[in-house]
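# Architecture and fold: a report
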Amino acid sequence: MSQPQPMDGTATFNQMAADYDALIGGATRALCQHVLTLMNAIKPIDTSSVVLDNACGTCVVTAEILSETPDVRLHAVDVAPNMVQLAKAKFGDRDNVRLAVMPGEQLDFPDDTFTHSVTNLGILFFEAPDKGAREIYRTLQPGGVAAVTSWARLGNFEDAINPAQRAARPNEPVLHKLPIKPEWFDAEHAGRVMREAGFQDVRVSTKQVRYGAATRESLVSVIVRSGRQTFLKDYTEEELKVYEAALDQAMETKGARYTMPDGNQGWGVTMDGIVVVCCK
Ligand SMILES: C[S@@+](CC[C@H](N)C(=O)[O-])C[C@H]1O[C@@H](n2cnc3c(N)ncnc32)[C@H](O)[C@@H]1O
């Protein structure tokens, strides 16, 4: 029986790009909405702002900001070409949004460019997070505000995906993990990295959000569909049936009804986010 191997960040996100929005279960958007509320309370984003959506993925942050301030100037960058391609399909024709493939460790922008800089659930996947944090500091204007986020607890894996794997393959170690180094589950670590990058005003907090979908069934089906191309690839039909039933059961016992970031009702499990807001 072959065992799934953890992948590096770029490979993981390139592979999941097409399914990313469904697979992430609205969780990054929910955390982003909270982060933008915190940032706006310090320095409101308006039409004079210049914003970086760093490690943008499919541009969840960009979309949230544009929904409030459609004319703001925005740069969205990510190391995974497939993510940027999807983002270009959404926002590529807007004059005020610039998209580029770019590693967070080497931002191709002059010093003091941005009034606001958001790295939502990106830095935890960087190969060199310290370097990425220094780049966030360097490219932020004095008086500007930056935010980085991480996860303290991945409820989607701990409450549902991992127990489902254990049910289907009790003798296999749980290997379907995101490529996140253990220290990034620690809020103090995230704050320390930003302080060491140069920030003196660093505010660390936590926020619980949910990973979900309109219905429990649709959430289970997107995880299974996407997994069939990767970590469920060599499962037998029997193992798949056990996996799917266990996933559904876990989602029922650990999940709850909630209001999704788009305002509609959904069903989801909890995720604990780490939020670090820094002023330069
Ligand atoms: C969980 S996604 C978050 C995407 C988006 N910010 C959001 O809120 O949905 C993490 C993103 O980090 C990107 N990433 C990983 N390592 C990176 C690096 N070194 N530089 C830039 N982006 C990186 C991945 O390609 C992926 O798109």
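For the structure itself, consult the block above.
On a predicted model such as this, the values are computed, not experimentally measured, just so you know.

What counts, and where the lines are drawn
- Residues numbered from 1 in each chain as written.
- Predicted model: local features only at pLDDT ≥ 70, side-chain atom pairs only at ≥ 80, totals over all residues.
- Heavy atoms only, no water.
- Near = heavy atom within 4 Å.
- Polar contact = N/O pair within 3.5 Å; in protein donor to acceptor, adjacent residues only side chain to side chain.
- Areas by Shrake-Rupley, 256 points an atom, 1.4 Å probe, with all protein chains shown as cover.
- Nonpolar A, V, L, I, M, F, W, Y, C, P; charged D, E, K, R; others polar.
- Phe/Tyr/Trp six-rings, centres within 6.5 Å; stacked < 30°, edge-to-face > 60°.
- Buried < 20%, exposed > 50% of the residue type's maximum accessible area, 1.4 Å probe, protein only.
- Helix = DSSP H or I, 4+ residues; strand = E, 2+ residues; numbered from the N terminus.
- Lys NZ or Arg CZ within 6 Å of the ring centre and 35° of its normal.

## Remarks on the site of the ligand
Around the ligand sit 20 residues, and of these Tyr20, Thr28, Ala55, Asp78 and Gly104 come closest. Thr28 has a polar side-chain atom sitting 2.8 Å from an oxygen atom of the ligand. At 3.4 Å from a nitrogen atom of the ligand is found a main-chain nitrogen or oxygen belonging to Val79. If the ligand stood free it would expose 600 Å²; the protein chains cover 97% of that surface. A breakdown of the residues in the shell around the ligand according to their chemical character gives 13 nonpolar, 5 polar and 2 charged.

## Describing the packing of aromatic side chains
Counted by the stated rule, this structure contains 4 aromatic pairs. Considering the side-chain rings of Phe109 and Phe114, the 5.0 Å spacing of their centres and the 75° angle between planes classify their relative orientation as edge-to-face. Judged by its relative accessible area of 11%, Phe109 falls in the buried class. Judged by centre distance (4.8 Å) and plane angle (90°), the rings of Tyr137 and Phe199 are edge-to-face. Placement of Tyr137 in helix α6 (residues 129-139) and of Phe199 in the loop between α8 (187-196) and β6 (201-213) is noted, with a sequence separation of 62 residues between them. Site record: aromatic cluster; members linked through ring pairs are Phe231, Tyr235 and Tyr243. Sitting above the plane of the Tyr137 ring, Lys280 keeps its charged end 4.5 Å from the centroid.

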